[in-house]
2 protein chains.
Amino acid sequence: MNVQIRQLATTAPDFEAEFQRVLHWAAETDHAIEQRVAEILADVCQRGDAAVLEYTNRFDGLGATSVAALELGRAELDAALAQITPAQRSALEAAARRVRAYHERQLEACGRSWSYRDEDGTLLGQKVTPLDRVGIYVPGGKAAYPSSVLMNAVPAKVAGVGEIIMVVPTPRGEKNPLVLAAAAVAGVDRVFTIGGAQAVAALAYGTATIPKVDKVTGPGNAYVASAKKHVYGTVGIDMIAGPSEILVLADGTTPPEWVAMDLFSQAEHDELAQSILLCPDADYIARVKAEIDRLLPDMPRRDVIRASLEGRGALILTRSMEEACEISNRIAPEHLEVSSREPGRWEPLLRHAGAIFLGAYTSESLGDYCAGPNHVLPTSGTARFSSPLGVYDFQKRSSLIEVSAQGAQMLGRIAAELAYGEGLQAHARAAEFRLDQNDQPGA
Amino acid sequence: MNVQIRQLATTAPDFEAEFQRVLHWAAETDHAIEQRVAEILADVCQRGDAAVLEYTNRFDGLGATSVAALELGRAELDAALAQITPAQRSALEAAARRVRAYHERQLEACGRSWSYRDEDGTLLGQKVTPLDRVGIYVPGGKAAYPSSVLMNAVPAKVAGVGEIIMVVPTPRGEKNPLVLAAAAVAGVDRVFTIGGAQAVAALAYGTATIPKVDKVTGPGNAYVASAKKHVYGTVGIDMIAGPSEILVLADGTTPPEWVAMDLFSQAEHDELAQSILLCPDADYIARVKAEIDRLLPDMPRRDVIRASLEGRGALILTRSMEEACEISNRIAPEHLEVSSREPGRWEPLLRHAGAIFLGAYTSESLGDYCAGPNHVLPTSGTARFSSPLGVYDFQKRSSLIEVSAQGAQMLGRIAAELAYGEGLQAHARAAEFRLDQNDQPGA
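Rules used throughout
- Residues numbered from 1 in each chain as written.
- Chains lettered and ligands numbered in written order.
- Predicted model: local features only at pLDDT ≥ 70, side-chain atom pairs only at ≥ 80, totals over all residues.
- Heavy atoms only, no water.
- Buried < 20%, exposed > 50% of the residue type's maximum accessible area, 1.4 Å probe, protein only.
- Helix = DSSP H or I, 4+ residues; strand = E, 2+ residues; numbered from the N terminus.
- Pairing = 2+ DSSP bridges.
- Salt bridge = Lys/Arg side-chain N within 4 Å of Asp/Glu carboxyl O.
- Least-squares fit on C-alpha atoms with pLDDT ≥ 70 in both.
- Contact = heavy atoms within 4.5 Å.
- Buried area = accessible area lost by both parts, 1.4 Å probe.
- Polar contact = N/O pair within 3.5 Å; in protein donor to acceptor, adjacent residues only side chain to side chain.
- Nonpolar A, V, L, I, M, F, W, Y, C, P; charged D, E, K, R; others polar.
- Axes fitted to C-alpha atoms, helices over the stretch in contact; angles between N-to-C directions.
- UniProt positions renumbered as here; feature names shortened; annotations may be inferred.

Asker: Help me understand the pairing of strand β5 (residues 133-137) of chain B, please; the structure alone is not making it clear to me.
Answerer: Regular strands place their side chains on alternate faces of the sheet. All names here are of chain B. Extensive coverage of β5 is indicated by the burial of four of its five residues. Where β5 and strand β8 (residues 215-217) come together, three bridges link them in parallel fashion. Each bridged residue has a counterpart across the sheet, and for Gly135 the counterpart in β8 is Val216.

As structure tokens, this is what we get:
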């Protein structure tokens, strides 16, 4: 049966209403999960290791006798690296190398301390320092992605984070050798086989065995997402991700089967994932649709792909490429492919997207694994105000100010005027004490 | 009566327990406020302007007939600028100039797009773009700080934000001319006299009259903080700030009255504000304590200062400056003064702080108003993982990837290997379609 994907045209009178239906996605708050997570967090905060051990044994079907026994040593990671195929190992290492190279450029471009002196000799600047310790959550079971280990650990490492603690659940003791091998390749410092809200709590509060971290990053299920939201403020978090999305902006010059497969590559993640094609060429849209129908039956994950395309997908005919760019800006997609012979013509018009893939050769999947940029990207329109995971997420900044004796004269008068205006007299007096008629330091 | 401020020494056997008591501060969740805020947000989301108007008239004691009537035009801002004293106006303008100059350096240092090509001709980079529209919350009434208007609006402006919408409540119609003048100086685009959770909701969801923004920044009371936490994800937010803090690290060479007044300048904000002195010289600590007792009676806000110092302040004798730096790192203070003759010797040891004020002349109050760096800083130890408000908070980044035909050959093989390993066949096929044996674009 052919795929029943929504087909819209911007010229249709009901376009706006249909488009709103395509866009609509609201993360529902599951109060039962929220409540359960709050209890687990409070319990781990209070009882530490004992609570982590109980939940892990219960939820993951283990029989561990201590949290220490849940730690995987370097030898186990190295064993995993030896166990995977040579092709897998060299692909992992090549991907890590490219991701590292990109994030090193990012560090150079925007991750260095800077300062300057003004004409009064006052020094002003910003000191950039890495976080002391971060925790990386890696899902276990079926959706265990070694690429996510690289995408979280490598930028942390490039930023200079002191210690990276990875947590990954092993339901019924099942370990994923590719995930452990990725941890070895990325240089993760310690690995605990724990998961769920209890793992997030252990990282955020610390226990006798698991060190408290400064930030928790990485994807997870609804319990993990809820736990991250709860501990936000006690520690930093990366983001709460919604379903994954791709938007393909096509001018009709890319082989239509390429675009069909790119739409599949997002749809196969999850039935809630969203794949949208924007194109000003009705004939081309029809050819992509024909490829969708032709290619789908051979895809192992065809049921997920079909459910995603029929539930949330759309093929949208636009008046022009310019209009397609405007609509793309309204969507602010996580992944945006500009599948065009002139990607450089359209890129300047694109203001909101997590990652922009330019030209027919740049399939999103290359970016997911090994092009270099991060695959952790803002979803659900949050690209309007947020950014890909990067080196900057594993650093923080401190302002630096060293006012000279001369600078204190000029600045003190301005500050005192404003402080009196705000009714903050101690602020004013502190500034006035530094004026020349007063004592000198060390006098 | 002398101030009963806690005095600790790191050599005391009970130091660790006492120190933990000093550090302890937990934001209590007020469930009644949370519930009320959730109702207001839902109501504004559903009824828009009508709800905003009702809450504003009720809570602020106004009789406005439309939300449009609550907007202040440019003429009113200019009138405020004409109404304040020439000294106030020139202080505001000088402060804005310096804050702008600093944030322009910040933009240069870390806010520009960048890209490079690898040896295969593949382009990789990051495009940095300003947010389209931001909302700035400014508290009304007594704690209305014009300096906060500058510190929020100027970096947004420097980042290139398209439109800045300011909201400020005017209880019983009372407008603060310094706040409105600051809005004029900073180049705020539109001002609405609304406040509380209803103002945050209006900015986050948009109403017929108030445009939806991409991010909400600025300080506020418990209702505003709760509302910001609720809308986080729908829009970006800056941070949820706790009580303000200063830590002074003194080597004993600064006039003790200067240090006493610096401690006051934090304490006068709020009874929950925290002022701590770390010093290896017991005699100097005694001199600062004497100045505290001598200076307090003359301070207009002495009651708040006393309550803050007695409730949360501490004078801590350390074994050395090195130990003082270690303790400072454990506290990760919002404001850190290194009141020393050799600030450059200690600065490299200081890893966690919102802003570092170096040398005796650099009173925190100069930084609060006009040195240039932002006064919106991470509190409650969150400087371990977060940063001052800056130009980067008003920008977001998009990854750029343009894979060359040649690059697609190498990257496609790596990506396919890893994608098959993760069981994501469409990802693998999309990469393989770009390998040479397949169709060429436009063929």
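So much for the structure itself; the text now carries on.
Asker: I'm lost on unusual backbone geometry in this one. Help?
Answerer: Peptide bonds are trans in most cases, and residues, glycine excluded, mostly fall at negative phi. Phi at A:Arg172 takes a positive value of approximately 50°, unusual for a residue other than glycine. Structurally, A:Arg172 can be placed in the loop between β6 (163-167) and α7 (177-186). Residue classification places A:Arg172 among the exposed positions, given a relative accessible area of 64%. For B:Ala332, which is not a glycine, the phi torsion comes out positive at approximately 50°. Relative to the assigned elements, B:Ala332 resides in the loop between α13 (321-331) and β13 (335-339). By relative accessible area, B:Ala332 is classed as buried at 0%.

Asker: Looking at this structure, I do not really get the pattern of salt bridges. What am I missing?
Answerer: Oppositely charged side chains are able to pair whenever their charged atoms sit close together. Evaluated as defined, the whole model comprises 54 salt bridges over all chains. Two residues, A:Glu18 and A:Arg21, come together in a salt bridge whose shortest N-O distance is 3.0 Å. Placement of both A:Glu18 and A:Arg21 in helix α1 (residues 15-23) is noted, with a separation of three residues, approximately one turn of the helix. Between A:Glu291 and A:Arg294 there is a salt bridge whose closest N-O contact spans 2.7 Å. With a gap of three residues between them, A:Glu291 and A:Arg294 both fall in helix α11 (residues 282-295), about one helical turn apart. You can call A:Glu291 buried: its relative accessible area is 17%. One connected set of salt bridges, linked through shared partners, spans A:Asp132, A:Asp214, B:Arg351 and B:Arg384.

Asker: Even after reading the chapter, I still don't get the relation of the copies chain A and chain B, so can you show me in this structure?
Answerer: Two chain copies, one operation linking them: a rotation about an axis together with a shift along it. In the superposition of chain A on chain B (RMSD 0.0 Å, axial shift 0.0 Å), the rotation amounts to 180°. Expressed as a symmetry operation, the mapping of one chain copy onto the other fits a two-fold axis. Within chain A, A:Cys110 has its C-alpha nearest the rotation axis, a separation of 2.1 Å. Interface overlap between copies is the fraction of interface residues in one copy that are interface residues in the other; for chain A against chain B it reaches 100%, indicating a shared surface.

Asker: What's the story with the interface of chain A and chain B in this structure? I'm lost.
Answerer: Interface extent is often summarised as the accessible area lost during association of the parts. Listed by partner, the interface residues are 121 residues for chain A and 121 residues for chain B. Carbon and sulfur atoms supply 61% of the area buried between chain A and chain B, which totals about 10900 Å² over both sides. Sorting the residues of chain A by area buried against chain B places A:Tyr361, A:Phe385 and A:Arg434 first, and these three jointly supply 8% of that buried surface. The interface formed by chain A and chain B holds twelve salt bridges in total. Salt-bridge contacts for B:Asp132 lead to A:Arg351; the nearest nitrogen and oxygen are separated by 3.1 Å. At the junction of chain A and chain B, the tally comes to 60 residue pairs in polar contact (both at pLDDT 80 or more). If one sorts the elements of the side of chain A that touches chain B by residue count, helix α5 (residues 86-110) of chain A sits on top with 13 residues. Across the side of chain A that touches chain B, the residue classes break down as 63 nonpolar, 33 polar and 25 charged. As paired strands, strand β14 (residues 355-358) of chain A and strand β15 (residues 395-402) of chain B are joined by three bridges and run parallel to one another.

Asker: Please clarify how helix α13 (residues 321-331) of chain A should be interpreted in this entry.
Answerer: Every α-helix carries 3.6 residues per turn, so stepping three or four residues along brings you back to the same face. Residues and elements named next belong to chain A. Where burial is concerned, most of α13 is hidden: eight out of the eleven residues are buried. Of the positions making up α13, those classed as buried are Met321, Glu323, Ala324, Cys325, Ile327, Ser328, Asn329 and Ile331. On its buried face, α13 sits against α1, β10 (245-250), β11 (274-279), β13 (335-339) and α14 (343-346). Structurally, the start of α13 carries an N-cap: the backbone nitrogen of Glu322 is 3.4 Å from a side-chain oxygen of Ser320. One or two residues past the end of α13 sits Ala332, with phi positive at roughly 50°.

Asker: What is the right way to look at the sheet that holds β13(A) in this model?
Answerer: Hydrogen bonds between backbone groups are what pair the strands of a sheet, and the pairing can be parallel or antiparallel. If you trace the nine strands from one edge of the open sheet to the other, you get β1(A)-β12(A)-β11(A)-β10(A)-β13(A)-β14(A)-β15(B)-β4(B)-β3(B), paired in mixed fashion. Pairing within the sheet leaves two strands with one partner each, and these edge strands are β1 (6-9) of chain A together with β3 (114-117) of chain B. For this sheet, the mean inter-axis angle between neighbouring strands, taken without regard to orientation, is 20°. Across eight bridges, strand β4 (residues 123-130) of chain B lies against β15(B) in antiparallel orientation. Of the residues in β15(B), the one forming a bridge with B:Thr129 is B:Lys396. Here helix α10 (residues 256-267) of chain A sits on the sheet in contact with β10, β11, β12 (314-317) and β13 of chain A, set at roughly 155° to β11(A).

Asker: Whenever I open this one, the UniProt feature "active site" (unreviewed entry) in chain A confuses me. Can you help?
Answerer: All names here are of chain A. If you check UniProt for "active site" (unreviewed entry), the listed places come out as Glu334 and His335 in our numbering. Of the residues examined, Glu334 reaches a relative accessible area of 6% and is grouped as buried. The residues contacting Glu334, other than those within four sequence positions of it, are Pro243, Ser244, Glu245, Ala353, Gly354, Ala355, His375, Leu377, Pro378 and Thr379. Within polar-contact distance, the side chain of Glu334 engages the side chain of Ser244 at 2.9 Å.

Asker: Help me understand the pairing of strand β3 (residues 114-117) of chain A, please; the structure alone is not making it clear to me.
Answerer: Residues and elements named next belong to chain A. Only one face of β3 is buried: it carries Trp114 and Tyr116, and the other face, with Ser115 and Arg117, is open. Judged from the four bridges that link them, β3 and strand β4 (residues 123-130) form a sheet pairing that is antiparallel. Residue pairing across strands places Arg117 opposite Leu123, the latter belonging to β4. Counting the residues in the hairpin turn of β3 and β4 gives five residues, including Gly121, whose phi is positive at 85°.

Asker: Mind showing me how you'd approach the side chain of A:Ser339 here?
Answerer: Within the secondary structure layout, A:Ser339 lies in strand β13. A distance of 2.8 Å separates the side chain of A:Ser339 from the side chain of A:Thr254, its partner in a polar contact.

Asker: Would you mind going over the sheet that holds strand β12 (residues 314-317) of chain B with me for this structure?
Answerer: Strand order in the open sheet formed by nine strands is β3(A)-β4(A)-β15(A)-β14(B)-β13(B)-β10(B)-β11(B)-β12(B)-β1(B), and the pairing between neighbours is mixed. Strands with a single pairing partner mark the edges of an open sheet, and in this sheet they are β3 of chain A together with β1 (6-9) of chain B. Ignoring strand direction, the axes of neighbouring strands in this sheet form an average angle of 20°. Packing against the sheet, helix α5 (residues 86-110) of chain B makes contact with β3, β4 and β15 (395-402) of chain A, and its axis sits at approximately 140° to β3(A).

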